[in-house]
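An overview of the molecular structure
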Amino acid sequence: MGPQGAGKGTQAARLAERFAIPAISTGDIFRANIKGGTELGRLVQEYTAKGDLVPDSVTNAMVRDRLAQDDVARGFILDGYPRNAAQVVELDAILADLGWSLDGVVEITADRDELLARLAKRAEIEGREDDTEEAIARRLDIYAEQTAPLTSAYDERGLLVRVDGIGEIDDVTERIVSALEPLVA
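Below or above, wherever it landed, is the structure these notes cover. (Residues numbered from 1 in each chain as written. Predicted model: local features only at pLDDT ≥ 70, side-chain atom pairs only at ≥ 80, totals over all residues. Heavy atoms only, no water.)

**What to know about the overall build of the protein chain**
Rule in force here: Note on conventions: DSSP H or I runs of at least 4 residues are helices, E runs of at least 2 residues are strands, and numbering of each starts at the N terminus. Radius of gyration here is computed from C-alpha atoms only, and the compact-globule reference equals 2.2 Å multiplied by the residue count raised to the power 0.38. Partly exposed residues are those whose accessible area sits between 20% and 50% of the maximum for their type, while under 20% is buried and over 50% is exposed, using a 1.4 Å probe and protein chains only. Contacts are assigned to residue pairs that have any heavy atoms within 4.5 Å of one another. Here the open area of atoms and residues is found with the Shrake-Rupley method and a 1.4 Å probe, where only the protein chains shown may cover a residue. For the charge count, each Lys or Arg is scored as positive and each Asp or Glu as negative, with His and the chain ends excluded. Where a charge lies is defined by one atom per residue type, namely NZ (Lys), CZ (Arg), CG (Asp) and CD (Glu).
Within the protein chain, the regular secondary structure consists of nine helices and four strands. Going from the N terminus to the C terminus, the protein chain shows its helices and strands as α-β-α-α-α-β-α-β-α-α-α-β-α. For a compact globule of 185 residues, the expected C-alpha radius of gyration is about 16 Å, and the protein chain comes in at 16 Å, within 12% of that figure. For the protein chain, the C-alpha atoms occupy an extent of roughly 40 × 35 × 30 Å along the three principal directions. Across the 185 residues in the protein chain, those meeting the buried criterion constitute 42%. Partitioning the contacts of the protein chain with sequence separation of at least 6, the portion at a separation of at least 24 is 72%. Just so you have it, the protein chain exposes about 9,900 Å², and 50% of that area is on carbon and sulfur atoms. Of the charged side chains in the protein chain, 21 are positive and 35 negative, and the gap between their average positions amounts to 2 Å.

Right, dumping it as structure tokens:
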């Protein structure tokens, strides 16, 4: 977990490689559908172009489908999900149906000004139309309102570790691995 620009995607990919498990990114699934011109992609693009989040019903169904695939049997990393309290409830239900539970939840933290600078640079490099200044600010506000409070729920369950996302990528990765060791050992 963490706000956009904190490094969730980068770190999820690195951790997935390190632990030989898939990283499941709702953003990647959304972008693949947009690029493929699917009906879902067009729907997703309507929301993301405005800086809005995709409705839970669409996101939850995609996550449920993805977690039912064979390659997640040894474990997985979720990137960008859950984002709100209703998605936490749905994730709990999905995992219960599969007979699984979470080992840990990582919150990558970063200063808002750093996030805005990172996202502006990403928009410039990748040409992502969903990364306008207004859309970025709106998504950071949505994160603060809806997603950040979820960390306390996971903290109460003893699953949350907070890791500073500022610094060299390798250093952040090592901080995450060290913080997770007690939870996944």
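**Details of unusual backbone geometry**
Cis geometry marks the peptide bond from Tyr81 to Pro82, where omega comes out at 0°. With respect to the element layout, Pro82 can be found in the loop between strand E2 (77-79) and helix H5 (85-98). Positioned with a positive phi, Ala20 is a non-glycine residue whose angle comes to about 55°. Mapped onto the elements of the fold, Ala20 is located in the loop between helix H1 (8-19) and strand E1 (23-25). On the basis of relative accessibility, which here comes to 53%, the residue Ala20 falls in the exposed class.

**A short note on the packing of helix H2 (residues 26-35) against helix H3 (residues 39-49)**
What counts, and what does not: In this analysis, axes come from line fits to C-alpha atoms, helices being fitted only over the stretch in contact, and the angle between any two N-to-C directions falls in the range 0 to 180 degrees. An angle counts as roughly parallel when it lies under 35 degrees, as roughly antiparallel when it exceeds 145, as roughly perpendicular when it falls between 65 and 115, and as oblique in every other case. Crossings are assigned a handedness: left-handed for a near helix turned anticlockwise from the far helix by less than a right angle, right-handed for a clockwise turn. Polar here means any residue outside two lists: the nonpolar Ala, Val, Leu, Ile, Met, Phe, Trp, Tyr, Cys and Pro, and the charged Asp, Glu, Lys and Arg; Gly therefore counts as polar.
One way to put it is that H2 packs onto H3 with a least axis distance of 7 Å and a crossing angle of 115°. If you check the angle between H2 and H3, you find them roughly perpendicular. The way H2 lies across H3 gives a crossing that is left-handed. Listed contacts from H3 to Phe30, Asn33 and Ile34 of H2 are Leu40, Gly41, Val44, Gln45 and Thr48. Of the residues belonging to the contact of H2 with H3, the class tally is four nonpolar, four polar and no charged.

**Digging into the nonpolar core**
The condition is simple: Residues belong to one nonpolar core when they are buried, are Ala, Val, Leu, Ile, Met, Phe, Trp, Tyr or Cys, and are joined through side-chain atoms within 4.5 Å.
By size, the foremost hydrophobic cluster in this structure holds 18 residues, and its most contacted members are Leu15, Ile77, Val106, Ile108, Ile176 and Leu180. Elements supplying a minimum of two residues to this core: H1, strand E3 (105-109), helix H6 (112-126), helix H7 (133-147), strand E4 (160-164) and helix H9 (169-184). Top contributing element to this core by residue count: H9, with four residues. Sequence-distant contacts of Ile176, defined by excluding residues within four places in its chain, comprise Gln11, Leu15, Val106, Ile108 and Val163. By size, the runner-up hydrophobic cluster in this structure holds 17 residues, among which are Val72, Leu78, Tyr81 and Val88.

**Some words on empty space enclosed by the protein**
Empty space among the atoms becomes apparent when a probe as large as a water molecule is rolled across them. Quick note on the threshold: Whether a set of points on the 1 Å grid over the protein atoms alone is a cavity depends on a 1.4 Å probe fitting there but being unable to get out, while an open set qualifies as a pocket with protein on both sides within 12 Å along at least five of seven lines; lining residues are those with an atom within 4 Å of a point. Grid points are joined across faces, edges and corners, and a volume is the space filled by probe spheres set on the points.
Scanning the entire structure with this criterion turns up one cavity of 30 Å³ or more. For the largest cavity, the calculated volume is near 50 Å³. If you go around the largest cavity, the residues you meet are Gly2, Pro3, Gln4, Leu53, Arg83, Arg139, Ile142, Tyr143 and Thr147. Among the residues forming the lining of the largest cavity, the class breakdown is four nonpolar, three polar and two charged.

**Details of the packing of aromatic side chains**
Stated formally: What counts as a ring pair is set by centres within 6.5 Å for rings of Phe, Tyr and Trp (its six-membered ring), and what kind of pair is set by the plane angle: stacked under 30 degrees, edge-to-face over 60, tilted for all other angles.
Enumeration according to the criterion identifies one aromatic pair in this entry. Ring centres of Phe76 and Trp100 lie 5.8 Å apart, and the angle between their planes is 40°; on these two criteria the pair is classed as tilted. Of this pair, Phe76 sits in the loop between helix H4 (56-67) and E2 while Trp100 sits in the loop between H5 and E3, and the two are 24 residues apart along the sequence. On the accessibility criterion, Phe76 (18% relative accessible area) is buried.

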